Structure formats: C-alpha cells, structure tokens
Amino acid sequence: MTTETTAAKPVSETGPIPVQFSWGVTLAVVGTFLFAMKSIFIKLAFAAGADATLLLAIRMGMAFPFYVVVFAVLLRRRQAAVSDSGSAALPMPIVIRSLLLGFLGYYLASYLDLSGLEYISAQLERLTLFTYPAIVAALAWMFLGEQVNAKIIAAIGMSYAGVWLMYGQERSFTPDANTGWGVFLVFGAALSYSLYVLFAKPVMQKIGSREFTSLAMIGSTVFVAIHFLTTHSISDFADVHPIVYAYGLVLAFVCTVIPSFMINEAILKIGATRTTVIGSVGPVLTMLLAVVVLGEPSSWKHFAGMGIAIVGVSLVAKK
C-alpha cells in the first residue's frame, strides 16, 4: 500500500510520469467509466418497476457478501503480520470511522442519487453530479490544506462550462417536468459524496484502500438495510420483476464493487482533487450511453459541452 509520503510526493513537470501516478490515473478513468454505466442500469430497473429504496437494497445486498469475504481475507493477513508485535490488527476507532464514512459515500449519496433519477434523465443526473469536483477541491483547500493549482482550477472551470452548456439544453427538452426536486436530490448526493471523498483519504492511508473500501461498503449496507426495513416489507422482493435482479447484479459488481476499489485506490495514489476532476468525464460517458441505450434526446450543445469537458479532464490527466 502507498503511504502518505508516496501519495503526496510532488511530480516533476518535465520528468517522466511516475508509475504510481500513471496507474492512479488509469484506475480513476476506468472506475469512472464503470460508475457512468450505473445511471443507465438504474433507469432500466426503474422502467421495470423498481423504486430507489428497493433497487438500492438489491444492489447493496448482492455486493455485501463479496465485501465481507474480501475484508475477512485482508484482516487475516493483517493479523498474521502483526502477531509478533502484539499490536491490534485494526484500531477500533478507525474501523468505526470507516463504517460511518460508508454512510456518506455509499448509502446517503447513493440513495439521494437514485431518488433524483426518478425525476430527471440520466444525462441531467450525471451533469448535476458534476458539482462535486469543485466541492471537494474547495473543502480540501479549506480543511486539509491541499493545494489547488492553476491547472486544476482551469480543468474544473472548463468542465463546468461544458456542464452548463449541456444542462441548459437538457432543461429545454422537458420544460414541464419536475426537474427542480430531482436536481436538488442529486446535488445533495454530490455534497454527501464530496464529504466522503474528503475524509476517506486519511483513513485509507492508515489501513489501506481495500480494507477501507470493504468496511465502508459493509457499513453502508447496514444503513441501507435499516432504511429498507423501515419503509418496505420483505415481500416486496418477491413482487419485483426478475429482470430487476439482473440489473441489480450488474449494479452490484460492474458498477459498484469493481469501481469502488478502483476509485479509492486512485484517491490514495493521485489525491482526492485529481481523482474527482478526472471523474468529470463520467457525465460525458453517461450521455453517450443514455442516447444509445435509453434513446434519450441529445443535441449539438450536448456534444459541444462534452468536448469542453474532455479538454478540461485532459488538463489534470497530463503531468
């Protein structure tokens, strides 16, 4: 696992790209693509009759055993490594903190995001989530002392320019729709995830990204279960169309398990700010998938905004 020193080590502007940085960028890009598919499968599940709470319960319930197994294996290895020293394998305060961060990153953010998708298109949802890179950068600067250089500021600015261009056009397609509430919910998801990203990195640096991710996802599943049991009945699982379980399986592993490890490892290797700005390409990917798979309307303004966003992301991807 990388350490604080490795993760924070400056990179020469003129020298070769370090392996750690290059690998971190690759993880961020691939993880972003897999996460971008999430909105498409959620929309398909909604069309099949699922609601946000039920779909989130199916998604997290399917992923839960995987994270338990991964955490058990990692914990056994850690215990073997520290058995001679007699120290605790995982300090309990760190475990509790990881579980609680799962509330922000994978329960609250996911629930608000899914709820927002019940009101707005997949494209608009991803565009609204575009607010979180700026939120993370601002919070990291205020509370963690992270540097926000001119290149990152320019990348965020260009990304937002592309977003607003597509956002305005999207609104014109559905002028009578109740998009305001949907946008508000997704913005809440962006804020919740921003707080998660901000506070996750220090914990990951202490116990490792895989251990942290497993604990965070385990904690989030507990919160999802509590929410479901207080708002639904167990019989609701039997009433849903079988195709919803297929979508839930894809959401659980392709769009949750795999990218969650990738994104958290990327945060550890290249930092929260760069990871989130690279993640700004997500709405672009979602837009293309929404047009092709869901048949959502698009226009030249969408593609112009997409181009501006790609240029912005390329600024932070190059060192």
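All values reported here derive from a predicted model rather than from experimental measurement.

Rules behind the numbers
Sequence order sets the numbering: in each chain, residues are counted from 1 along the sequence as written. Where totals are concerned, whole chains, interfaces and linings use all residues; where local detail is concerned, this predicted model gives features only for residues with pLDDT of at least 70, and gives and counts side-chain atom pairs only at 80 or more. Just so you know, side-chain values use all the structure's heavy atoms and leave hydrogens and water out. Salt bridge, as applied in this entry: a Lys or Arg side-chain nitrogen positioned within 4 Å of an Asp or Glu carboxyl oxygen. The numbering of helices and of strands both runs from the N terminus, where a helix is a DSSP run of H or I of at least 4 residues and a strand a run of E of at least 2. Partly exposed describes any residue whose relative accessible area lies between the buried limit of under 20% and the exposed limit of over 50%, with all areas from a 1.4 Å probe on protein chains only and scaled to the type maximum. Here a helix's expected span is defined as the number of its residues, less one, multiplied by 1.5 Å. Two axes enter the definition of the bend at a residue: one is fitted to the seven residues ending there, the other to the seven starting there, and the bend is the angle between them. Note on geometry: axes are lines fitted to C-alpha atoms, helical ones only across the stretch in contact, with angles between N-to-C directions running from 0 to 180 degrees. Orientation categories follow fixed angle ranges, with anything under 35 degrees roughly parallel, anything over 145 roughly antiparallel, 65 to 115 roughly perpendicular, and all other angles oblique. In a left-handed crossing the near helix is turned counterclockwise from the far helix by less than a right angle, and in a right-handed crossing that turn is clockwise. Any two residues whose heavy atoms approach within 4.5 Å are treated as being in contact. Residues are said to line a cavity or pocket when one of their atoms sits within 4 Å of a point; the points come from a 1 Å grid over protein atoms alone, cavities being sets where a 1.4 Å probe fits but cannot get out and pockets being open sets with protein on both sides within 12 Å along at least five of seven lines. Grid points are joined across faces, edges and corners, and a volume is the space filled by probe spheres set on the points.

> How should the pattern of salt bridges be read in this particular structure?
Pairing is possible between side chains that carry opposite charge, provided their charged atoms lie close to one another. On inspection of all chains with the given rule, the structure shows four salt bridges. E211 is the salt-bridge partner of R78, the closest N and O atoms lying 3.4 Å from each other. A residue pair is termed long-range when its members are at least 10 positions apart, and R78 in helix α4 (residues 52-82) and E211 in helix α10 (residues 209-231) qualify at 133 residues. A relative accessible area of 7% places E211 in the buried class. Connected through salt bridges with shared partners, the residues K38, D113 and E125 form a single ionic network.

> Quick question: what am I supposed to make of helix α12 (residues 242-270) here?
Count 3.6 residues to each turn of an α-helix, and residues three or four apart come out pointing the same way. For α12, spanning 29 residues, the distance from its first C-alpha to its last is 41 Å, which sits close to the expected 42 Å at 1.5 Å a residue. The sharpest bend along α12 reaches about 35° and sits at P259. G271 lies just past α12 and shows a positive phi near 95°.

> Teacher, can you tell me more about the packing of helix α5 (residues 92-117) against helix α9 (residues 179-207) here?
A pair of packed helices is captured by two measures, namely the crossing angle of their axes and the spacing between those axes. Packing of α5 against α9 brings their axes to within 8 Å, and their N-to-C directions diverge by 160°. Classified by the angle their axes make, α5 and α9 are roughly antiparallel. Along this stretch, α5 crosses α9, giving a crossing that reads as left-handed.

> What am I meant to see in the environment of I308 here?
Following the sequence through the fold, I308 ends up in helix α15 (residues 300-317). The partly exposed category is assigned to I308, whose relative accessible area is 29%. Distance in space between the C-alpha atoms of I308 and M158 is 6.1 Å, their sequence separation being 150 residues. When sequence neighbours within four positions are dropped, the list of residues in contact with I308 reads M158, A161, G162 and L165.

> Would you take a moment to explain empty space enclosed by the protein for this structure?
Rolling a probe over the atoms, with the probe sized like a water molecule, indicates the empty space that remains. For the structure shown, the criterion picks out one cavity of 30 Å³ or more. Taken as a whole, the largest cavity spans an internal volume of roughly 410 Å³. In terms of lining, the largest cavity is formed by 25 residues, of which the most central are F35, R126, L129, Y132 and Y193. Mapped by element, the contributors of at least two residues to the lining of the largest cavity are α2 (19-36), α5, α7 (132-144), α9, α12 and α13 (272-278). Per-element tally for the lining of the largest cavity: the top contributor is α5, with five residues.

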